[in-house]
Amino acid sequence: MLQTPDTFVRTPLPGATNVEFVIHAAPQLGARFTQMTAEFAADGALGPAPAQRFIYVLEGCLELTAGGSEYTLASGGFAYLPQGAPHTVRSASRSRAALIEKPYQELAGGVAVPEMVVGDEAAISAAPLMGDEGLRVRSLMPDGPDYDFAVNTMTYDPGASLSMVEIHVMEHGLLMLEGGGIYRLGDAWYAVEAGDFIWMAAYCPQWFGALGKQPAKYLIYKDWHRHPLTP
C-alpha cells in the first residue's frame, strides 16, 4: 500500500496531549505493528506506549525522560523503549516524529530482555549494501535475538537501485525522507517522493531505484530475529 500526504487523515489518541497522529499502518490493515507520524504542537506529549516504542525525530526537537535520565532528540535523533518501560516524550515547540510500536515476542531459553537505546543517526557509520557504495545503510537498532525488529535508514545516490527484486517473509513500514524514485510493489510501479509512506506485507515483491539529482533516503522497519511460527 502506498500513501501520499494528500491522503493523510489526522486523529487524536488516548493519553496524548497536543499531538495529532497519522496512523499509516495498523493491525486493521493486516500489519503486525503500528507505524504513525506524530505531529506535536507546542507543549505536546505522547501518552503511555501499549507495546515497544521506537521514535525517530523528523523535524523539531523532543525531550525524552526514561531510565532516570533526560535526553534531547533533535532531527535524526531516535530512541527505542522496551515494552513496559516508563517514559515521557514532550515537545516545547512544533515537531514531527515517526513512531513505531510493536508487541514484543518473547523467546524461550533465557534470552536477555532488550535494553533502551538512544542515539543520533548522524553518529552511526553507514555500510554499503552488498558492496554497493551508492547504496548505504545505517542500522538504528541493535542486532541480536533480544530485539524482534529492526529499523534502518537507506540512502541511494542518484541512479542507484536495489540489485534484485526482493521477496521475503518480513513485512516493512517505509517512510520516504528525502528525494524520490520508482518503487515496484507487486506487479505495479509507483513514483514516490519525500513524505510518502509504504506498507509491504510479507512476500510482497519489492524493488526501488532512485531518480533525480539528489540522493533518495527512507526510514524502513522490518520484523527480525523471530521464527515465523513464534506467537
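> Lay out the sheet that holds strand 17 (residues 188-193) in plain terms, naming residues and giving numbers.
One open sheet accounts for three strands, arranged 17-16-19; its pairing is antiparallel. Only two strands of the sheet have a single neighbouring strand rather than two, namely strand 17 and strand 19 (206-211). Strand-to-strand, the axes of this sheet are offset by a mean angle of 20 degrees, without reference to chain direction. Judged from the six bridges that link them, strand 16 (residues 180-185) and strand 17 form a sheet pairing that is antiparallel. Residue pairing for strand 17: Ile182 is matched across the bridge by Ala191.

> Tell me what's going on with the pairing of strand 20 (residues 216-223), and back it up with residues and numbers.
When you tally the buried positions in strand 20, you get eight out of eight residues, the bulk of the element. Of the two faces of strand 20, the one lined by Ala216, Tyr218, Ile220 and Lys222 and the one lined by Lys217, Leu219, Tyr221 and Asp223 are each fully buried. Pairing of strand 14 (residues 149-156) with strand 20, which is carried by eight bridges, proceeds in the antiparallel orientation. Its bridge partner lying in strand 20, Asn152 is registered against Ile220. Sheet analysis places strand 15 (residues 172-178) next to strand 20, joined by six bridges and oriented antiparallel. The residue bridging Leu175 from the neighbouring strand is Leu219, located in strand 20.

What counts, and where the lines are drawn
- Residues numbered from 1 in each chain as written.
- Predicted model: local features only at pLDDT ≥ 70, side-chain atom pairs only at ≥ 80, totals over all residues.
- Heavy atoms only, no water.
- Pairing = 2+ DSSP bridges.
- Helix = DSSP H or I, 4+ residues; strand = E, 2+ residues; numbered from the N terminus.
- Axes fitted to C-alpha atoms, helices over the stretch in contact; angles between N-to-C directions.
- Buried < 20%, exposed > 50% of the residue type's maximum accessible area, 1.4 Å probe, protein only.

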